[in-house]
Structure formats: C-alpha cells, structure tokens
Amino acid sequence: MIPFSYARANDAAAALQFFANGAAKYLGGGTNLVDLMRETIERPARLIDVTSLSDSIEETADGGIVIGGAARNTAIAEHRLIRTRFPLLSRAIVAGASPQIRNMATTAGNVLQRTRCAYFYDNDAARCNKREPGQGCDAIEGFNRYHAILGASSACIATHPSDMCVALAALDAVVYLQGTEGKRTVPLSDFHRLPGDRPDIETVMRPGELITAVELPPKPMAVNSTYRKVRDRASYAFALVSVAAAIKIEAGVVGDVRIALGGVAHKPWRAMKAEAALRGQPATDVSFRAAAELELADAKAQAHNAFKVELAKRTIAAVLTDLSGDAA
Amino acid sequence: MTMTVNGNTVSIPNDPRVSLLDFLREHLHLSGTKKGCNQGACGACTVLVDGQRVLSCLTLAVQCSERDITTIEGLSSDGVLHPLQQAFIEHDGFQCGYCTPGQICSAIGMLEEMRRGVPSQLTGDLCAEVVAFDRDEVRERMSGNLCRCGAHNGIVDAIEDVFREAAE
Ligand SMILES: Cc1cc2nc3c(=O)[nH]c(=O)nc-3n(C[C@H](O)[C@H](O)[C@H](O)COP(=O)(O)OP(=O)(O)OC[C@H]3O[C@@H](n4cnc5c(N)ncnc54)[C@H](O)[C@@H]3O)c2cc1C
Ligand code: SF4
Ligand code: FES
Ligand code: FES
C-alpha cells in the first residue's frame, strides 16, 4: 500500500474538516477500500475513519426509518422494524457477501462500493476507462459474463455489485449527504450514474461530501416484499441477476408495485417501465411476463452474457408470482 | 493507542498500513490466524473483535483502538482445548488445517449471531424470534469460510456436536 495518514472523526463536522486537507477518503468497514488500496487502485493520502459517526436505526414520526451511515449491514438485517416492515432489505443484505463482511460493512460503504469488474481490478495488465479515463475498456472484447445488459456505454459495461442498494432502490430510499456547503438529500435511484463517457464518475456526490444516513420512507406495501438473487454458487458470490420487489394486490388487480434489478447495470436498476405497465393490470403470470419483457426491451447483451436478458425476465416474473400468492 | 489481544494489552503500530492480520502474525507472532487470500474472499483470517467475527485482512490495526481481539490462541486455557477445538479433532474437521483457526473463530461468532436471532438467507419467517439450528443453516452461515481440502462435512459435524444445544 502507498503510505497514507489516518484520523478518526467523532462527528460529521470533524470528518468534513479533516477532508478539507485534500486527497482524502472516508473509511467505513474497509472491506472494499482497503482491498482497492492494496491493489493501488485507490491511492488516498489520508483516511478519515467515519465508523464513529451515527450508526443508529430509528423510526421516523410517519413510520419510516432512518439508518445511520455507519450502521453495519448485520445490524440493519437483524433489526426488528426492518424485518417486519421492509423484509426485502433484510433479505437483500443477507444474500450479500459473508457474515464476517456484513459485520464490518457500513451502510455508506455499501452504497459506495465499486464494481467487481475483473479488468478494473487488473491494475497491471488491463485497460479500464473507470481507472484511467480514455484508456479503453478491455471488458468489451473480453470475458464479460458478469457485465451489464442495461444502460451501458461504449466506454464501460461494468455493473454495480451491491445487493442492499437494489432493495433500497425498490423502497424509494433517500440518501442524506453533508458537505462543507451544507446538507442535501438525493433519492437513491438518482444517486448512482450510468457510465456514459465518464465511467470514473459513479455518483452525483460532490468532492468531500459524506453520506450521513439513508432514509426509508413509510411503505405499507413493503410488508409483502422479497429479494431473489441468482448466482453461480449457492452463497458468497455476486449476483448474475437479482430482483427486489414489493407488490400490493387488490381484488386480483395490481394496486401498486416496486421492482428493482441488480447485476444488470452500472447502478441499481429501478424497473420503472415494468412498474408503470403493471399498475391496474390483473395480477397474473401473463401480466408479469409482459411487464418484464417491456423492461428488458432495450437490453443489449455482450458476447458472454446474453443469458442475463432472459434470466432477468424470468426472475422478475417468478418473484412477482411468488409475492402474489393465491392472488395470481 | 492500545488494543487487547487475548487478554493482553498491546500498543497499536504507528504505520496505519498494517492490517490487523499482519499485526497479529508479524508483530505479535500469533501465527495461528492465517492469511489465505488477503482480499476478503476465504475467511482464513477470521478473528473476533468485541465478540463479532470479522476479517482481519481487511481491518486496519489502527481501527482497533480500545477493541478486544480474540484469536485462535486465546481460546484454550491452561492447555485445555476449547470444546470446539476438541470436536474438530474428533470429527476430522480438517486435513491440512490451514483454514481451521478461521473456521473455529467464525463458528464462535456464528453461535452468538444465532442466539441473537440474526436472519440468514435460509430464514423462512423473518418475524420469528428463534433461529433453527440445522446443517443447512450451519453451512450457509459458515459459507464465508472456504476449505480447500473439502473438510466441510467434518466441520459441520463438529459445530453441530458442540453448539446444537447452545444455539437453541
Ligand atoms: C469477497 C467479497 C464478497 C462480497 N460479496 C458481496 C455481495 O455478494 N453482495 C454485495 O452487495 N456486496 C458484496 N461485497 C462487498 C461489500 O458489501 C462491500 O465491500 C461493503 O458493503 C463496503 O462497505 P464498507 O463499510 O466496508 O466500505 P469501505 O470499504 O470502508 O468504503 C467503500 C467506499 O465508501 C466510501 N465511504 C465509506 N463511508 C463513507 C461515508 N460515510 N461517506 C462517504 N463515503 C464513504 C469510502 O471512501 C470508499 O470509497 C463483497 C465483498 C468482498 C470482499
Ligand atoms: S467495464 Fe468498466 S470497469 Fe470494466 S474494464 Fe471496462 S471501463 Fe473498466
Ligand atoms: S485472508 Fe482474509 S479473507 Fe482470505
Ligand atoms: S483443512 Fe485444508 S483448507 Fe481446510
């Protein structure tokens, strides 16, 4: 690792002040950043440990929940209110990584984890526009089984690897940011960027901004929600495709629905087209399949991942059918 | 700045680049904790920090100020093995033994998580207070610890033998 200095911040103001000295990175559980620093892909001169910032998980007056940026992934997954009101979030978290990593990983760090594209990691031999803008992308002509099918660009076809964020996207979660110019909020679905011609810019964050919390607005329909992850082995592997969904069915008709996809794009993919197509439709396998077809209509496969298009459609339909129980 | 390792207070190194794993092995010469991948993928470096299982290869030693670390060396007392160590011997829970310290520390952390009711991927009813203790649950909850020798059946046997009652 390249030498760096270390400081622990006890509150957001202290973290922002430390950051002002430049070339710094915030440190959460370290499960992504320490690895990338060892590979010299990340090269901060200073690490600011923000694990002492708020890790509380608290109910809001209207029945939503605010999760501190430093809350560990395990703490979220095991929390009573999350399990009962937002079960898809517990399920998404326990589908990710390993128990040891979930004990370390923080909310903010999970949201900001970087892609697992093998060419991004191969600092010595591969070209990557995300590491070095303008260099080229070795994944496009390379082994791209794990890469994106939606929203990719000719500069980058990487995916965002988080499971948790797919559930957050389906839940209309809101990210709380704090910078030297003040506080602001951004919906999670608008927080990550598509790659375009600048795949190195992954989010809408401004330099030095901190994620202080994530809010889950109240969502009664989320009691009927789940997360399904399809991958190459039964556990401890990143998603090929994943689906987070919640649905409300009234008299056999879809009253409301939320769907988000993982493993398919540079960001957690909120399936807005499928959702719009389903509202007011009969809650049947036929409607679910039609909505999935619509969402994937613009999918563009690479040489090794054409299977993901059909897999995503089937997984969407299967998850919605399961959630519909006897109504479908 | 200090941390506690197996009951002893030790000073934290000045260089923040030192991982907890290298600190334990190279500085304190506690070589029981193993370095498999050094990138979070194998679980060989699992230790307990304040009772929680974590990966020491992705933890910086400086992050452990005021924390209480337990490694495989801290589990036996006066030459008497921890019951889980004994059970690994009885059930052939290893061949080469390289993954074993991580497996054992991980299983101890797992037991605490099961007692707390932490859900897993296999949990059916998320509202249930009690976690079922069966082989599939143990396999899923131990999936962060790889064994290159394939001793998993013996590992699950040993964990079941010692922890089944304690977990429920
Ligand atoms: C072997 C392995 C398998 C994995 N499998 C999965 C999987 O299947 N599914 C999955 O979803 N994830 C998986 N992960 C990834 C894991 O979930 C992430 O590494 C973890 O969530 C990152 O959280 P952290 O707190 O450790 O972040 P860190 O590594 O500490 O930080 C990550 C990024 O966030 C920034 N950051 C941290 N906190 C803040 C803050 N408050 N404000 C602003 N910036 C901040 C850091 O500067 C850094 O850029 C896996 C990881 C490993 C090593
Ligand atoms: S897909 Fe993106 S991250 Fe992977 S090599 Fe290409 S530019 Fe880099
Ligand atoms: S050495 Fe830490 S997970 Fe492999
Ligand atoms: S006993 Fe050899 S790796 Fe597990």
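The name an unreviewed UniProt entry gives chain B is 2Fe-2S iron-sulfur cluster binding domain-containing protein, with Shinella lacus as the organism.

Chain A appears in an unreviewed UniProt entry as Xanthine dehydrogenase family protein subunit M from Shinella lacus.

J.: Quick question: what am I supposed to make of the overall build of chain A here?
T.: The number of helices and strands found in chain A is 13 helices and twelve strands. Taken over C-alpha atoms, the radius of gyration comes to 20 Å for chain A, in line with the 20 Å a tight globule of 328 residues would show. Overall, chain A is about 60 × 50 × 35 Å in size when its C-alpha atoms are taken along their principal axes. The burial tally for chain A puts 58% of its 328 residues in the buried class. Here the analysis covers contacts within chain A between residues at least 6 apart in sequence; of these, 63% occur between residues at least 24 apart.

J.: I'm lost on the nonpolar core in this one. Help?
T.: Side chains of nonpolar character tend, in soluble globular proteins, to be buried together. Counting 38 residues, the largest nonpolar core has I67(A), I76(A), I82(A), F86(A), L89(A), L168(A) and L216(A) as its most contacted members. Taken together, the elements giving at least two residues each to this core come down to strand 5 (65-68), helix 3 (73-78), helix 5 (87-94), helix 7 (107-111), helix 9 (164-170), strand 6 (174-179), helix 10 (188-191) and strand 8 (210-216) of chain A. I82(A) has contacts with I57(A), I65(A), I67(A), I76(A), P87(A), L89(A), S90(A) and L216(A), leaving out every residue within four places of it along the chain. Y6(A), M37(A), L47(A) and L60(B) belong to the second largest nonpolar core, which has 32 residues in total.

J.: Hey, could you run me through the site of ligand 2 in this one?
T.: In the neighbourhood of ligand 2, 14 residues make up the surrounding shell, with C117(A), C128(A), C137(A), C156(A) and I157(A) lying closest. When grouped by side-chain class, the residues that make up the shell around ligand 2 number ten nonpolar, two polar and two charged.

J.: Any chance you could explain the interface of chain B and chain A here in plain terms?
T.: Size of an interface: often given as the accessible area lost when the parts come together. At the junction of the two partners, chain B supplies 40 residues and chain A supplies 39 residues. With both chains or domains summed, chain B and chain A bury close to 3200 Å², and 51% of this area falls on carbon and sulfur atoms. Three residues stand out in chain B for area buried against chain A, namely R17(B), L58(B) and L126(B), and they jointly supply 22% of the buried area on that side. At the boundary of chain B with chain A, the tally comes to two salt bridges. We note a salt bridge from E129(B) to R80(A), for which the minimum N-O separation is 3.6 Å. At the surface where chain B touches chain A, the tally comes to 21 residue pairs in polar contact (both at pLDDT 80 or more). Examining the composition of the side of chain B that touches chain A, we find that four residues originate from one element, strand 4 (residues 52-55) of chain B, more than from any other.

J.: What should I look at first to understand the site of ligand 1 in this one?
T.: Inspection of the region around ligand 1 gives 35 residues, with Y26(A), T31(A), L33(A), T106(A) and D163(A) positioned closest. Of the chains in the model, those with residues near ligand 1 are chains A and B. Measuring from an oxygen atom of ligand 1, one finds a backbone N or O atom of A97(A) at 3.0 Å. The side chain of D163(A) places a nitrogen or oxygen atom 2.7 Å from a nitrogen atom of ligand 1. Only strand 2 (24-27), helix 7 and strand 8 of chain A provide two or more residues apiece to the shell around ligand 1.

J.: Quick question: what am I supposed to make of the side chain of S56(B) here?
T.: Residue and element names in this part refer to chain B. Along the chain, the position of S56 falls in the loop between strand 4 and strand 5 (68-70). Accessibility expressed as a relative area gives 0% for S56, which makes it buried. Apart from residues no more than four positions distant in its own chain, S56 is found in contact with S19, L20, L21, T33, C45 and V47.

J.: What should I look at first to understand the sheet that holds strand 4 of chain B in this one?
T.: Strand pairing in a sheet relies on backbone hydrogen bonds, with the paired strands running either antiparallel or parallel. Residue and element names in this part refer to chain B. Spatially, 2-1-5-3-4 is the arrangement adopted by the five strands of the open sheet, whose pairing is mixed. Two strands in the sheet have a free side with no partner beyond their single neighbour: strand 2 (8-11) and strand 4. For this sheet, the mean inter-axis angle between neighbouring strands, taken without regard to orientation, is 35°. Of the strand pairs in this sheet, strand 1 (residues 2-5) and strand 2 are connected by four bridges, and their pairing is antiparallel. Directly across from M3, in strand 2, lies its bridge partner V10. Packing of helix 3 (residues 100-116) onto the sheet brings it into contact with strand 3 (46-49), strand 4 and strand 5, and relative to strand 3 it is tilted by some 45°.

Thresholds, definitions, all that
- Residues numbered from 1 in each chain as written.
- Chains lettered and ligands numbered in written order.
- Predicted model: local features only at pLDDT ≥ 70, side-chain atom pairs only at ≥ 80, totals over all residues.
- Heavy atoms only, no water.
- Helix = DSSP H or I, 4+ residues; strand = E, 2+ residues; numbered from the N terminus.
- Rg over C-alpha atoms; globule rule 2.2 N^0.38 Å.
- Buried < 20%, exposed > 50% of the residue type's maximum accessible area, 1.4 Å probe, protein only.
- Contact = heavy atoms within 4.5 Å.
- Core = buried A, V, L, I, M, F, W, Y, C linked by side-chain atoms within 4.5 Å.
- Near = heavy atom within 4 Å.
- Nonpolar A, V, L, I, M, F, W, Y, C, P; charged D, E, K, R; others polar.
- Buried area = accessible area lost by both parts, 1.4 Å probe.
- Salt bridge = Lys/Arg side-chain N within 4 Å of Asp/Glu carboxyl O.
- Polar contact = N/O pair within 3.5 Å; in protein donor to acceptor, adjacent residues only side chain to side chain.
- Pairing = 2+ DSSP bridges.
- Axes fitted to C-alpha atoms, helices over the stretch in contact; angles between N-to-C directions.

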